[in-house]
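Listed here are the chains, written in short residue letters.
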Amino acid sequence: MSIAVFDVDRTLLEGDALLLAARKSNSNAKLLWLSISFLPYLILWKLKILTTQRIKEIFINKFKICDRYNIETKRNNQDWLINDLKKMIRKEALIRLDMHREKGDIVVLCSASPDMILNPLAKSLNVDLICTNLVKQENQWLPKIIGKNCKGNEKLKRLEDKYGLIKNQKLEVYGDSNGDKEILNAASIPHYRDFSDLPKEYPTFSFNSIIPIIGFTFLFYLIINNFGKYSTPEKEWNDIWINILTGEILIITSYLIRFFRWKIILKKINLNPHPIQNFYIWMGSFAFTATPGKAGEGIRVIMLNKECNLPIFETTCALLVERLTDIIAILIILISNLNLLPNIYYKNIITFVFMIIITISLLIIFFVKRNLIKNIALFIIRRFYPNKIVHLNNLNIVKLLIHPKNITIAIILGLIAWVFEGISLLIILKGFNFSISWLGCTFAHTTSALIGALTLMPGGVGPTEASTIGLLSLQSIPLSIATSSTLLIRLMTLWFATFLGFICLILNSYMFRKNSLAYRNQSNNQIN
C-alpha cells in the first residue's frame, strides 16, 4: 500500500478553488470592482512586501468568501459549491484517483486552498485532506489562517506529521507548481503535470523566467532591423545566406571547443560524467544564457549534481574557472587590438589602462600568487558554510584548477573559440560586400560581449548590440551594414545557443527519464 497525494488547484481541478469561491460569492459587477481594488495588494505581494499567507487572508476577506460560507452554513447548505468543484475535476486526474482507491492506497488531497472550501470535496471523493486551515469560532468562519499556509515545505511537513517519515513510505505525488516542488522531490514516483504511469520529476529549471526576455529581445531586434534594412540593398540580403551558414558552422565549432575545455577542466579534478549527458547538460545551460551576466547558466551545477551525482563544490569551482578564463581571453583580445580604435580620448585611455591592469593582475594571481586564491576560497567557504569543516581536499581542488598549465590551456582554448566567433562576423560582413580584418571583427564581437555582461542586462541585450554597432562603425563600416551584421551575429550566437540549449534540455530530460525508469524497473526486479 502506498500514499497517493494530489494537489488540488490546477492539478486535480482545471482551475483554482479559491478563485471559484470568490466568483460564486459576488455578482459580476462587484467582482470587477473588487478585482480592481485588490490590485494594490497584488503589487505589494509581487514586491514581497506582503507574504503569500497575508495576501490570501486579505483576498478571502475582501471577496467576502467567509461571509458567503457563513450564510450558507446557517441555511444548512455547507455543500453549496460542491457541484461546481466537481465540474472542474480533470477526467484523467479522477481516473488516477479512482485507480489508487481501488488498489487500497491512502489517497490525500494536499492543497494551499482553505479547508472550508475543500472539506466537502474531500468527503465527496472519500479521501483524506491536508490543506490551509481557517479559524472557525462559534460556527463562523473567519479570514484568518491557523498556523502556516499549506504550501512548499509546509505540505511536506504536514504529510510527515500525519503519516510518518516520507522516506519510510511509498509516496506517489501529483502536482503542477513550485508550491508542490518539495513533495514532488520527496516522492518515490513523482507526476509533475502528468497522469501517466511513467514518473515525471519536478524540473530543475523553468523556461518561464526567460520568456519575457525573449519577447523583449525580439521586439528590440525588430526595431534595429527596420532601422537598418531601408539603406541595405535587397540584393545583399538575398546573397548572404551562404555566408550565414558558413558563419554558423564556425560558431558551432567554437561551442565544441568550449565543451572540450569544460571536459578538460572537469577531468583535472577527476570528474568524468557520461560524455553525452555531460554535453546535453553543458549545452542545455545555454538555454539560460539570456539572463543577467549569464547567471542562469549556473543551472549546469545543479543538473550535474542531481543527474550525474557530481559534487556541487567541485563543479561550481570548475564553472568559475571557465568564466574567469573566458574573461581573461576577452581582455587579451581587447588589449591586443587597442590600435584599431581611432581618436582615443583621455577618458578612454584611462579606461583601457585600467583594463590592462586588471588583466595583468589576474594573470599574476593565477600564475604566481596561487596561495592568494586558496585563501580567498577558504574565506568564502567559511563565510557561507560557517558550521562546516573545510576539507583539505576542497583546497587541493582549487589548487589543481588554478595550476598554471591548466589555466593556460583554458585561456588558449577560450581565445580560439572567441576568434572563431569573430571570423563568423567577418564572413557576415563579406556577405554585405564590406570587410575589415579578422582581428577587428573579433575585437568588436568580444569587447561588446564583455560590455553587455558587465551591464547585467538580460543576455546583454541592448548594450551588446549598441557596442558592436559602434565598434564596427569606428572601423569604417557603414551604420546600416553594422546594424544588419550585428543583428545577424546576435541571432547566430546568443539566440542560436538559446535554441540549441532548449533542444539539449529536452533530449537530456528524455535520457534522464529513460534511465530513471530503467533503474526503477531493475530495482523492482531485484526485489521480486
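Each value, and the rule that gives it
- Residues numbered from 1 in each chain as written.
- Predicted model: local features only at pLDDT ≥ 70, side-chain atom pairs only at ≥ 80, totals over all residues.
- Heavy atoms only, no water.
- Helix = DSSP H or I, 4+ residues; strand = E, 2+ residues; numbered from the N terminus.
- Buried < 20%, exposed > 50% of the residue type's maximum accessible area, 1.4 Å probe, protein only.
- Areas by Shrake-Rupley, 256 points an atom, 1.4 Å probe, with all protein chains shown as cover.
- Patch = residues over 30% accessible without salt bridge, like charges linked within 9 Å, V, L, I, M, F, W, Y side chains within 5 Å.
- Salt bridge = Lys/Arg side-chain N within 4 Å of Asp/Glu carboxyl O.
- Lys, Arg positive; Asp, Glu negative; His and termini not counted.
- Charge placed at Lys NZ, Arg CZ, Asp CG, Glu CD.
- Contact = heavy atoms within 4.5 Å.
- Phe/Tyr/Trp six-rings, centres within 6.5 Å; stacked < 30°, edge-to-face > 60°.
- Lys NZ or Arg CZ within 6 Å of the ring centre and 35° of its normal.
- Axes fitted to C-alpha atoms, helices over the stretch in contact; angles between N-to-C directions.
- Parallel < 35°, antiparallel > 145°, perpendicular 65-115°, else oblique.
- Left-handed = near helix turned anticlockwise from the far one by under 90°.
- Nonpolar A, V, L, I, M, F, W, Y, C, P; charged D, E, K, R; others polar.
- Core = buried A, V, L, I, M, F, W, Y, C linked by side-chain atoms within 4.5 Å.

(A) The overall build of the protein, seen in detail. If you tally the helices and strands in the protein, you get 23 helices and six strands. Looking at the 528 residues of the protein, the share that counts as buried comes to 49%. Surface exposure of the protein reaches about 26900 Å², of which carbon and sulfur atoms provide 62%.

(B) Layout of a positive patch on the surface. On the surface, a cluster of positive charge is made up of Lys263, Lys267, Lys268 and Lys405. The element contributing the most residues to the positive patch is helix α13 (residues 241-268), with three residues. Tracing the backbone shows Lys267 in helix α13. With relative accessibility at 59%, the residue Lys267 sits in the exposed group.

(C) Spatial organisation of the environment of Ser2. Residue placement: Ser2 occurs in the segment before β1 (3-6). Taking the C-alpha atoms as reference, Ser2 lies 8.6 Å from His100; in sequence the two are 98 residues apart. Once residues lying within four places of it in the same chain are set aside, the contact partners of Ser2 are Asp105, Ile106 and Lys170.

(D) Summary view of the packing of aromatic side chains. Under the counting rule described, the total for this entry stands at 13 aromatic pairs. With 4.3 Å between their ring centres and 10° between their planes, Phe6 and Tyr174 make a pair best called stacked. In this pair, Phe6 sits in strand β1 while Tyr174 sits in strand β5 (residues 171-175), placing the two residues 168 residues apart along the sequence. Ring geometry for Tyr192 against Tyr202: centres 5.2 Å apart, planes inclined by 75°, an arrangement best described as edge-to-face. With Tyr192 in strand β6 (residues 189-192) and Tyr202 in the loop between β6 and α11 (211-229), this pair connects stretches of sequence that are 10 residues apart. Put simply, the rings of Tyr255, Phe259, Phe279, Trp282 and Phe286 pair up and form one aromatic cluster. Here the guanidinium or amino end of Arg258 rests over the ring plane of Trp418, the centre of that ring lying 4.7 Å away. Lying across the ring of Trp262, Arg300 places its NZ or CZ 4.6 Å from the centre.

(E) The arrangement of the packing of helix α16 (residues 312-336) against helix α20 (residues 404-431) in detail. Direction vectors running N to C along α16 and α20 enclose 60°, while the axes themselves pass 8 Å from each other. Here α16 lies oblique to α20, going by the angle between them. Taken as a pair, α16 and α20 cross one another with a handedness that is right-handed. Packed against α16, whose contacting residues are Val321, Thr325, Asp326, Ile328, Ala329, Ile330, Ile332 and Ile333, the element α20 presents Ile407, Ala410, Ile411, Gly414, Leu415 and Trp418 at the interface. Considering only residue class, the contact of α16 with α20 consists of 11 nonpolar, two polar and one charged.

(F) Representation of helix α8 (residues 115-125). With eight of its 11 residues buried, α8 lies for the most part within the structure. Buried residues of α8: Asp115, Met116, Ile117, Leu118, Pro120, Leu121, Ala122 and Leu125, and no others.

(G) Seen up close, the nonpolar core. In this structure, Tyr255, Trp262 and Leu472 are the most contacted members of the largest nonpolar core, which totals 58 residues. In terms of residue count, the dominant contributor to this core is helix α23 (residues 479-527) (10 residues). Residue contacts for Tyr255: discarding those within four places in its chain leaves Trp282, Met283, Phe286, Glu421, Met492, Thr493, Phe496 and Ala497. Counting residues in hydrophobic clusters, the runner-up holds 46 residues, among them Ala17, Leu20, Leu50 and Ile60.

(H) A look at the packing of helix α14 (residues 275-284) against helix α15 (residues 299-308). Between α14 and α15, whose axes approach to 9 Å, the crossing angle comes to 150°. Between α14 and α15, the crossing angle belongs to the class labelled roughly antiparallel. Where α14 crosses over α15, the handedness of that crossing is right-handed. Across the interface between the two elements, Gln277, Asn278, Ile281 and Trp282 of α14 pack against Arg300, Met303, Leu304, Glu307 and Cys308 of α15. Here the residues of the contact of α14 with α15 sort into five nonpolar, two polar and two charged.

(I) Structural detail: unusual backbone geometry. Non-glycine residue Lys64 carries a positive phi angle of around 55°. Relative to the elements of secondary structure, Lys64 occurs in the loop between α4 (52-62) and α5 (65-74). Relative accessible area serves as the criterion here: at 36%, Lys64 is assigned to the partly exposed category. In this model, Asn270 sits at a positive phi of 60°, which is unusual for a non-glycine residue.

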